[in-house]
Structure formats: structure tokens, C-alpha cells
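# A structural walkthrough
The primary structure of each chain is shown beneath.
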Amino acid sequence: MRWIAFYSMILLAITNNLGFAQKQKEEMKDGKKYKIEKSEKEWREVLDGNAFRVLREKGTERAFTGKYDHFFEKGDYYCKGCGNRLFSSDTKYNSGCGWPAFYDVQKEAIEYKSDNSYGMKRVEVLCADCGGHLGHVFNDGPKDKTGIRFCINSAALEFRKKEGKEDKKKKDD
Ligand SMILES: [Zn+2]
């Protein structure tokens, strides 16, 4: 019955590989390795003061002061640190909380981390590509949609208009 031994060997090889892939995935999730990694100095070079304070130091902009709080043009919101597409204007709404609010997020664009700072139990939202702090997520979003509210700092975002402006933007750059 050699073939039984043969097939169990293959099966063993497959399960080992799966375990390995799973472990790698978990290591990624721990937030130790991001697609985009920079030193503090490098981040300071590419981010303005506000963006650095929010994205890299987990700061929060003052309520009602961010440039996207009452901003409702059609387009997408990208991570200001690395350009990862995070939110669509289709899911943005006025929550009245003083920060840009979204009820949904682009698939696999963000990470969640529990945050117990300031004596509150909150869930922090991070960019999945660079680990930049974006804001928090709450479960008081619109009930007719997802019921979830992503409360995001304007300083961590960069808005880009939809409608084929890509070419013009390239020229400007
Ligand atoms: Zn990012």
C-alpha cells in the first residue's frame, strides 16, 4: 500500500504549507510589517505637520476644523501617507460629530486595533498599507446602511475627484 504513504506525505506537505501561510498572515496582522515603511524622519519629509501628528502620532484634529468635515464632492479618499484608497464619497455622510464620517470602507484597506487610551474603549482604524492612524470606528452609524460610523481625521486623508481627471493630474504633477 505504497500509495497510501505517498498520499499522506502530500497531505502533510499541504497542511504544513497552509500553517506556514497562516502564520505569515498573522505576523502581518500584528502590524509589524507594512507594505510601506518609513523612518520618522522620512515621514516628516513627506507629511505636513497636521498629517504627521495624526497619522504617525495618533493625534486627533479639533472637531469641526478639518477640511473634509463638510465636504461632499464625488470622488475617493486616499491615505495621505501612502496613497492607499480608503473611502468612497458614496459612503460619506454628515454625522454632525465634527469629523468626516463614512459608513463603509474599501475592502481590506484598513486594520482595526482596540484602543483603551483616555479611559475610553474604542476601536482604532489604521491604514492597512502603512499603519498610519486614521481615526476610530463606532457602531452608531446610519441604521439603514451598515450601522457603522468611521470617524476619520481630514488630515489623514487626501481627496481625489472621480471623473477621468487622472490625465490632467499627471500633467500637473
Ligand atoms: Zn497609508
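Conventions adopted
- Numbers given to residues run from 1 along each chain, matching the order in which its sequence is written.
- This being a predicted model, a pLDDT of at least 70 is required before a residue's local features are given, and a value of 80 or more before pairs of side-chain atoms are given or counted; all residues contribute to the totals for chains, interfaces and linings.
- In computing side-chain properties, one takes all heavy atoms of the structure into account and sets aside hydrogens as well as water.
- Planes of paired rings set the category: under 30 degrees apart is stacked, over 60 is edge-to-face and the rest tilted, where pairs are Phe, Tyr or Trp rings (Trp by its six-membered ring) whose centres lie within 6.5 Å.
- In this description a helix means any DSSP run of H or I spanning at least four residues, a strand means any run of E spanning at least two, and both kinds are numbered starting from the N terminus.
- Only protein chains enter the area calculation, which uses a 1.4 Å probe; residues under 20% of their type maximum are buried, those over 50% are exposed, and those in between are partly exposed.
- A ring is considered to have a charge above it if a Lys NZ or an Arg CZ atom is located within 6 Å of its centre and within 35 degrees of its normal.
- Each pair of strands is called paired provided DSSP finds at least two bridges between the two strands.
- In this analysis an axis means a line fitted to C-alpha atoms, helices contributing only their contacting stretch, and an angle means the value between N-to-C directions, from 0 to 180 degrees.
- Note on donors: an N, O or S atom is included if it sits within 2.8 Å of the metal, or within 3.2 Å for Na, K and Ca, and water is never included, so sites can look incomplete.
- Only four donors with every angle between 85 and 135 degrees are called tetrahedral; only four or six donors with opposite donors over 155 degrees apart and all others between 65 and 115 are called square planar or octahedral, in that order; all others are irregular.
- Per residue, pLDDT measures the predictor's confidence, with a range of 0 to 100.
- Note on definitions: a residue-residue contact is assigned when non-hydrogen atoms from the two residues lie within 4.5 Å.
- Salt bridges, as used here, are contacts in which a Lys or Arg side-chain nitrogen is within 4 Å of a carboxyl oxygen on Asp or Glu.

Attention now goes to the packing of aromatic side chains. Taken as a whole and judged by the stated rule, the model has 9 aromatic pairs. A ring pair is formed by Tyr-77 and Phe-102, whose centres lie 5.2 Å apart and whose planes are at 70°; its orientation type is edge-to-face. Of the two residues, Tyr-77 is situated in strand 1 (residues 75–79) and Phe-102 in strand 4 (residues 101–102); the sequence distance between them amounts to 25 residues. Comparing Tyr-77 with Phe-102, the two get one shared label, buried. Pairwise contacts between aromatic rings join Tyr-68, Phe-71, Tyr-77, Phe-87, Phe-102, Phe-150 and Phe-159 into one cluster. The residue whose ring lies beneath Lys-92 is Phe-102, and the NZ or CZ to ring-centre distance is 6.0 Å.

Across the sheet, which stays open at both edges, the 3 strands sit in the order 2-1-9 with antiparallel pairing between neighbours. Looking at the sheet topology across the chains shown, the edges are occupied by strand 2 (85–88) and strand 9 (157–161). Along the sheet, successive strands turn relative to each other by an average axial angle of 30°, direction set aside.

This part is about the coordination of the zinc ion. Around the zinc ion, the protein supplies Cys-79 (SG), Cys-82 (SG), Cys-127 (SG) and Cys-130 (SG) as donor atoms, at distances of 2.3 to 2.4 Å. Given 4 donor atoms and angles of 101 to 115° at the metal, the environment of the zinc ion is assigned as tetrahedral.

Of all residues in the chain, 75% attain a pLDDT of 70 or more, and the chain-wide mean is 86. Within the model, the stretch residues 14–28 combines pLDDT values under 50 with 3 contacts to residues more than four positions away or in other chains.

Here the focus is the environment of Ala-51. In this fold, Ala-51 is placed in helix 3 (residues 49–55). As for Ala-51 and Ser-154, which are separated by 103 residues in sequence, their C-alpha atoms are 8.6 Å apart. Contacts of Ala-51, omitting those with residues within four sequence positions, involve Arg-56, Lys-80 and Ala-155.

This part takes up the pattern of salt bridges. One pass over the full model with this rule turns up 13 salt bridges. With a shortest N-O distance of 3.3 Å, Glu-45 and Lys-41 are connected by a salt bridge. With Glu-45 and Lys-41 both in helix 2 (residues 40–46) and 4 residues apart, the pair spans about one turn of that helix. No difference in accessibility class separates Glu-45 from Lys-41, as the two residues are exposed. Its salt-bridge partner being Lys-58, residue Glu-124 comes within 2.7 Å of it at the nearest N-O pair. Here the residue Glu-124 occupies a position in strand 6 (residues 122–127), and Lys-58 occupies one in the loop between helix 3 and strand 1, the gap between them amounting to 66 residues. Residue Glu-124 is classed as buried on the basis of its relative accessible area of 4%.

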